[in-house]
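Observations on the three-dimensional arrangement
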Amino acid sequence: MNLKKRVALVVGFVAALAIAIAWGSMSGSIIAQRGGNLTVSAAISLTNAMQEIKPLYERNQQAREIRYNFGSSGALQRQIEQGAPVDVFLSAGKRQMDALEEQNLLLSGSRQDLLRNRMVLITPKNRAAIANFRDLLASDIKRVAIGEPRSVPAGQYAREVLVNLDIYDDLRPKMVFGNNVRQVLTFVETGNVDAGIVYITDALQSDGIAVRATASENLHSPIVYPVAAIKNTQNAEASKDYLRFLFTDAAKAVFEKYGFSPVS
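Residues numbered from 1 in each chain as written. Predicted model: local features only at pLDDT ≥ 70, side-chain atom pairs only at ≥ 80, totals over all residues. Heavy atoms only, no water.

Focus: the packing of helix α2 (residues 47–59) against helix α9 (residues 236–246)
As a packed pair, α2 and α9 sit with axes 11 Å apart at the nearest point and diverge in direction by 115°. On the basis of the axis angle, α2 is roughly perpendicular to α9. Seen from above, α2 lies across α9 with right-handed handedness. The residues of α9 that touch α2, namely those facing M50, I53, L56 and Y57, are A238, D241, Y242, F245 and L246. Its residues placed into classes, the contact of α2 with α9 shows 8 nonpolar, no polar and 1 charged. (Axes fitted to C-alpha atoms, helices over the stretch in contact; angles between N-to-C directions. Helix = DSSP H or I, 4+ residues; strand = E, 2+ residues; numbered from the N terminus. Parallel < 35°, antiparallel > 145°, perpendicular 65-115°, else oblique. Left-handed = near helix turned anticlockwise from the far one by under 90°. Contact = heavy atoms within 4.5 Å. Nonpolar A, V, L, I, M, F, W, Y, C, P; charged D, E, K, R; others polar.)

Set out below in structure tokens:
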């Protein structure tokens, strides 16, 4: 074989290889698009449970990857209103989901109530015990942390508890507001505050705090976590499939492990 023919064969092989690589890359992209990789914005109180659910879902959906965005429900709501590329929203409160629904930002028919939670009073573990919410008025309790009620559902529920006990105004000078419920938990864990009010699900994740009281459910609005697909999702079918998985027995078992109560 002369040099000219060898060069032609090499050039042909390189061209074929380039086409194969390009096609493989394109095929992978198409598969990924068909698979419907999802961005899920979820209340920060769901972090541990959702991280454990992720591999359970992906195991049976090999071409589909879940990307989480955790934060306060109010902050996540604002991101969606501003056009953030979110496929599914899981809120810790109805108010944030209601606001999106009123603006026609939810995928029609996708909204459902998923979970319930409880509010508890916590203190640092090594602190002298207090018995109930009214003990927050004691002179040795200097700082009390709750979530910012305007944007953090846990803060909204905490405020309702204190208002209904008629002690909120008296506690205002002691109040420290967190940007999310996990920040409130950290304030208590580190001893930067004397007490805080958080979800029972967050309290269960910490060895550095003690639960002193559980709020009666008649002291606050029902703590319900709604979930929905977002209207501008580019992966509507994948989003609906993911929502269905959150209601399976496998997902419910994880939620219950972390202290949540499934609605159905």
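Still to come is the rest of the account.
A closer look at the sheet that holds strand β5 (residues 119–124)
Strand order in the open sheet formed by 5 strands is β7-β6-β8-β5-β9, with mixed pairing between adjacent strands. Every interior strand has two partners, whereas the edge strands, β7 (175–178) and β9 (209–214), have only one. Taken over all neighbouring pairs, the strand axes of this sheet differ in orientation by 35° on average, direction set aside. Its contacts with the sheet place helix α5 (residues 153–164) against β5, β6 (144–147), β7 and β8 (195–199), and it is angled at close to 120° to β8. (Pairing = 2+ DSSP bridges.)

Looking at the pattern of salt bridges
For the coordinates displayed, the defined rule picks out 13 salt bridges. Two residues, R111 and D98, come together in a salt bridge whose shortest N-O distance is 2.8 Å. In this pair, R111 is assigned in the loop between α4 (94–102) and β4 (112–116) and D98 in helix α4, connecting sequence segments 13 residues apart. Between K240 and E237 there is a salt bridge whose closest N-O contact spans 3.1 Å. One end of the pair, K240, and the other, E237, are both in helix α9, 3 residues apart, so they sit about a helical turn from each other. Using a relative accessible area of 53% as the deciding quantity, one classes E237 as exposed. (Salt bridge = Lys/Arg side-chain N within 4 Å of Asp/Glu carboxyl O. Buried < 20%, exposed > 50% of the residue type's maximum accessible area, 1.4 Å probe, protein only.)

Some points on the side chain of R212
Within the secondary structure, R212 is located in strand β9. Salt bridges are absent for the buried R212, whose nearest opposite-charge side chain, D135, sits at 9.1 Å. Within the local environment of R212, its side chain forms a polar contact with the side chain of T123, the two groups lying 2.8 Å apart. Among the polar contacts made by the side chain of R212, one reaches the main-chain carbonyl oxygen of R127 at a distance of 3.0 Å. Residues in contact with R212, not counting those within four places in the same chain, are L121, T123, P124, K125, R127, A128, A129, I130 and A131. (Lys, Arg positive; Asp, Glu negative; His and termini not counted. Polar contact = N/O pair within 3.5 Å; in protein donor to acceptor, adjacent residues only side chain to side chain.)

Comments concerning the packing of helix α3 (residues 73–81) against α4
Helix-helix packing is described using two parameters, namely the angle between the two axes and the distance between the axes. Two numbers describe how α3 lies on α4: the axes approach to 9 Å, and their chain directions differ by 10°. In terms of orientation, α3 lies roughly parallel with respect to α4. Like other packed secondary-structure pairs, α3 and α4 cross with a definite hand, here right-handed. For the pair formed by α3 and α4, the contact residues are S73, G74, Q77, I80 and E81 on the first element and Q96, A99 and L100 on the second. Tallied by class, the residues present in the contact of α3 with α4 amount to 3 nonpolar, 4 polar and 1 charged.

A closer look at the nonpolar core
Formed by 72 residues in total, the largest nonpolar core has its most connected members in L46, Y242, L246 and F255. Discounting chain neighbours no more than four positions away, the residues touching Y242 are L38, V40, M50, Y57, I66, Y68 and V88. Membership of the second largest hydrophobic core comes to 10 residues, among which are A84, V86, L106 and I230. (Core = buried A, V, L, I, M, F, W, Y, C linked by side-chain atoms within 4.5 Å.)

Quick look at the packing of aromatic side chains
Pairs of aromatic rings are described using the distance from one ring centre to the other and the angle between the two planes. Summed over the entire model, instances satisfying the criterion amount to 7 aromatic pairs. Judged by centre distance (5.4 Å) and plane angle (80°), the rings of Y225 and F260 are edge-to-face. You can see Y225 sitting in strand β10 (residues 224–229) and its partner F260 sitting in the loop between α10 (249–257) and β11 (261–262), a full 35 residues away along the chain. Members of the aromatic cluster, connected to one another through ring pairs, are Y157, Y199, Y225, F255 and F260. In this arrangement the basic side chain of R159 is found over the ring face of Y168, its NZ or CZ atom lying 4.8 Å from the centre. (Phe/Tyr/Trp six-rings, centres within 6.5 Å; stacked < 30°, edge-to-face > 60°. Lys NZ or Arg CZ within 6 Å of the ring centre and 35° of its normal.)

Geometric descriptors of this kind do not, in isolation, establish any biological role.
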